[in-house]
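# Architecture at a glance
What follows is each chain in one-letter form.
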Amino acid sequence: MIYDLIIVGAGAAGLAAAYYAKQHLPQFNILVLEKETIPGRKLNATGNGKCNVSNSDYKEDAYFSDSNTFMHTWFEKHSYVQMISFLEQAGILLYEKNGYYYPFSNQAKQVSQHLFEKAKMSGVTFIFDSKVTDITPLQNESSAYRVTTLQDDQRITYDANMILVATGGCAAPKLGGTKEGYQILQKLGLKVHPLYPVLSPLYIDDADLRLAKGVRLDGNVTLKLEDGTNYKESGQIQFNDHNVSGIVIMNLSCYWNRCGKNNESGSLYIDIVPCLTWDQLKDLILTQKDKTPNETIAFMLEGILPKAMVRYILKRCKITDMLLLTDMTEKHVNRIVSTLKKLEYRLQFVEDYEKAQVTGGGIATDMVSVDSFECKNYKNLYVVGEVLDVHAKCGGYNLTFAILSALQAVEDIVHKVR
């Protein structure tokens with residue numbers, strides 16, 4: 001049997017493509033091959049299981065790629081409204097909060113399961129535990145392909161007139177992240193830009209950071225790259241053993257990890273008391289010194305910060321936590337205030353795909369048409385979603401690209417058939 005369309009991957013893009021294709025081409029025989037045991041494992045964990053599907057603050061500078069031209073052209077063609085419309089037409093009710101869109105159920109699993117069931121009920125065939133190892137053009141056919149899979153250690157092949165690759169990236173391997181999509185397409189001669197983790201923690205060179213492990217604080221964060229470029233984010237930061245994380249940090253990882261993989265240097269500056277200026281913070285400490293001179297510096301700072309952070313700050317400042325306020329010099333005060341207002345770190349690039357949410361790099365966008373996501377060198381072979389060299393900040397942008405690129409590819413298939 002030759003399938004009309006084989007979709008490789010049952011993540012967000014693959015499920016959307018399967019459902020959308022069957023809605024527009026009910027006569028199509030569609031097969032979805034997925035190496036995991038269930039559909040949408042990574043999608044199910046999105047947003048801690050809540051799933052931020054899109055964002056009304058739809059902006060081009062939220063996206064990153066080695067080809068700005070490709071992203072600009074693609075961005076001009078699309079809108080978050082398309083994403084909302086598609087999901088609602090599929091029967092998934094959404095709600096909006098501060099510009100962010102979520103499923104009404106607040107369950108990411110509902111999105112993947114609903115698309116899966118809709119596609120399955122409409123006649124799409126799914127085969128799980130099926131690892132695709134090769135996609136090979138059939139020499140006797142003008143544009144047909146053979147897909148080779150491993151199922152229970154057995155090699156099984158399927159033929160199709162059209163192929164849509166939606167394997168995703170290698171981030172979050174415990175949820176199904178893999179490099180297999182890149183490897184399969186690289187065998188066909190498609191160019192792959194170097195991979196790196198994004199929406200990940202930022203690793204820093206500070207052995208004492210473990211003292212602040214588990215602390216969460218709102219702050220202002222500045223990333224400074226080797227060329228002097230600055231990027232700023234504000235919000236909650238979490239301090240860990242060897243890294244800092246949180247949404248603001250993950251967003252900054254889009255800039256740093258992209259550069260860090262090339263061994264460029266970068267620095268991170270964190271203001272953990274953003275509600276006060278440098279002078280206001282100093283005045284606050286001096287006022288407490290006058291009011292309660294026999295308190296320790298540690299006890300006074302615990303009125304501002306968590307104990308673990310106080311211990312860490314004093315260690316950085318080389319000040320004993322038993323120092324009495326009455327014995328505190330102006331140098332002590334200035335050192336503490338400067339540290340609180342500007343924690344400075346040297347960044348280290350770490351390929352931590354386990355903690356990353358998305359993969360940067362991937363199949364070069366100049367390998368596919370921006371109008372259809374069809375490979376320029378292979379007719380009827382489409383590549384969509386995270387496996388491409390496109391990623392974005394937190395806020396539903398990555399999911400929006402994955403699904404809208406899949407829908408765009410399907411629209412091209414529909415146009416060809418009709």
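A brief structural summary. (Residues numbered from 1 in each chain as written. Predicted model: local features only at pLDDT ≥ 70, side-chain atom pairs only at ≥ 80, totals over all residues. Heavy atoms only, no water.)

A few words on the sheet that holds strand 5 (residues 94–97). Across the sheet, which stays open at both edges, the three strands sit in the order 3-6-5 with antiparallel pairing between neighbours. Whereas interior strands pair on both sides, the edge strands pair on one side only; in this sheet they are strand 3 (54–55) and strand 5. Direction of pairing for strand 5 relative to strand 6 (residues 100–103): antiparallel, over a ladder of four bridges. Note that in strand 6 the partner of Tyr95 across the bridge is Tyr102. (Pairing = 2+ DSSP bridges. Helix = DSSP H or I, 4+ residues; strand = E, 2+ residues; numbered from the N terminus.)

Another point: the environment of Lys174. Relative to the elements of secondary structure, Lys174 occurs in the loop between strand 10 (154–165) and helix 6 (180–187). Sequence separation of Lys174 and Leu202 is 28 residues, and the distance between their C-alpha atoms is 20 Å. The residues touching Lys174, leaving out its near neighbours within four places in the chain, are Arg41 and Glu354. (Contact = heavy atoms within 4.5 Å.)

The description of two packed helices rests on the angle between their axes and on the distance between the axes. Packing of helix 1 (residues 12–24) against helix 5 (residues 108–121) leaves a shortest axis separation of 9 Å and a crossing angle of 35°. Every pair of crossing elements has a handedness; the one defined by helix 1 and helix 5 is left-handed. Across the interface between the two elements, Leu15, Ala16, Ala18 and Tyr19 from helix 1 touch Ser112, Leu115, Phe116, Lys118 and Ala119 from helix 5. For the contact of helix 1 with helix 5, a count of residues per class yields seven nonpolar, one polar and one charged. (Axes fitted to C-alpha atoms, helices over the stretch in contact; angles between N-to-C directions. Left-handed = near helix turned anticlockwise from the far one by under 90°. Nonpolar A, V, L, I, M, F, W, Y, C, P; charged D, E, K, R; others polar.)

So, about the environment of Leu175. Residue position: Leu175 is located in the loop between strand 10 and helix 6. Overall, the relative accessible area of 29% leaves Leu175 in the partly exposed class. Sequence-wise, Leu175 and Ile135 are 40 residues apart; in three dimensions their C-alpha atoms are separated by 24 Å. Excluding residues within four positions of it along the chain, Leu175 makes contact with Arg41, Lys42 and Ala45. (Buried < 20%, exposed > 50% of the residue type's maximum accessible area, 1.4 Å probe, protein only.)

Time to look at helix 5. Side chains of residues three or four places apart in an α-helix project in the same direction, reflecting 3.6 residues per turn. A rise of 1.5 Å per residue sets the reference length of helix 5, with its 14 residues, at 20 Å; its end C-alpha atoms lie 20 Å apart and thus fit the reference within 8%. Turning to helix 5, its buried residues number three or more, namely Ala108, Val111, Ser112, Leu115, Phe116 and Ala119. All buried residues of helix 5 project into a common sector of 120° when viewed along the axis, lining one side. Exposed residues pointing more than 90 degrees away from the buried face of helix 5 are listed as Lys109 and Met121. Considering only its buried residues, helix 5 is in contact with helix 1, helix 2 (41–44), helix 4 (80–89), strand 6 and strand 7 (125–127). (Expected span 1.5 Å × (residues − 1). Arc of directions from axis to C-beta.)

Further remarks concern unusual backbone geometry. Working note: non-glycine residues mostly have negative phi, and peptide bonds are mostly trans. Phi at Asn98 takes a positive value of approximately 55°, unusual for a residue other than glycine. Considering the arrangement of structural elements, one finds Asn98 in the loop between strand 5 and strand 6. Classification of Asn98 as exposed rests on a relative accessible area of 66%. Even without being a glycine, Asn380 presents a positive backbone phi close to 70°.

All right, on to the nonpolar core then. If you look at the biggest cluster of nonpolar residues, it comprises 94 residues, and the most contacted ones within it are Ile6, Tyr63, Ile135, Ile163 and Leu164. The element that contributes the greatest number of residues to this core is helix 12 (residues 397–417), accounting for twelve residues. Residues contacting Tyr63, with those up to four places away along its chain left out, are Tyr58, Met71, Trp74, Val390, His391, Ala392, Tyr397, Thr400 and Phe401. Ranked by size, the runner-up nonpolar core spans 56 residues in total, among them Val244, Tyr312, Val333 and Val337. (Core = buried A, V, L, I, M, F, W, Y, C linked by side-chain atoms within 4.5 Å.)

Mapped onto the fold, Ser245 is located in strand 15 (residues 243–245). Taking the relative accessible area as the measure of exposure, Ser245 reaches 11% and is therefore buried. Among the polar contacts made by the side chain of Ser245, one reaches the side chain of Asn240 at a distance of 3.1 Å. Setting aside residues up to four positions removed in sequence, Ser245 forms contacts with Pro201, Gln236, Ile237, Gln238 and Asn240. (Polar contact = N/O pair within 3.5 Å; in protein donor to acceptor, adjacent residues only side chain to side chain.)

Taken as a whole and assessed by the stated rule, the structure comprises 18 salt bridges. Taking the shortest distance from any N to any O, the salt bridge between Lys35 and Glu36 comes out at 2.6 Å. Glu36 sits in the buried class, given a relative accessible area of 14%. A salt bridge links Glu233 to Lys393, with the shortest nitrogen-to-oxygen separation between them at 3.3 Å. (Salt bridge = Lys/Arg side-chain N within 4 Å of Asp/Glu carboxyl O.)

This part covers the environment of Leu276. Relative to the elements of secondary structure, Leu276 occurs in the loop between strand 16 (266–271) and helix 8 (278–291). Once you skip the residues sitting within four places of it in the chain, Leu276 turns out to touch Leu281, Leu284 and Lys341.

Take Gln151: it is sitting in strand 9 (residues 145–151). Using a relative accessible area of 14% as the deciding quantity, one classes Gln151 as buried. In this structure the side chain of Gln151 is engaged in a polar contact, spanning 3.1 Å, whose partner is the side chain of Thr149. When residues no more than four places from it in sequence are discounted, the contact partners of Gln151 are Ile127, Asp129, Ser130, Ile156 and Tyr158.

With the rule as written, the count across this model stands at 16 aromatic pairs. Look at Tyr58 and Tyr63: their rings are 6.4 Å apart centre to centre, the planes differ by 75°, and that puts the pair in the edge-to-face class. Residue classification places Tyr58 among the buried positions, given a relative accessible area of 14%. For Tyr63, a relative accessible area of 8% translates into the label buried. (Phe/Tyr/Trp six-rings, centres within 6.5 Å; stacked < 30°, edge-to-face > 60°.)

On to the state of the cysteines, then. This model, assessed by the stated rule, comprises zero disulfides. Looking at the unpaired Cys170, the closest cysteine sulfur is the one in Cys254, lying at 15 Å. With a relative accessible area of 6%, Cys170 lands in the buried category. Just so you know, Cys375 is unpaired, no disulfide at all, and the nearest cysteine sulfur is the one on Cys170, 19 Å from it. (Disulfide = S-S within 2.5 Å.)

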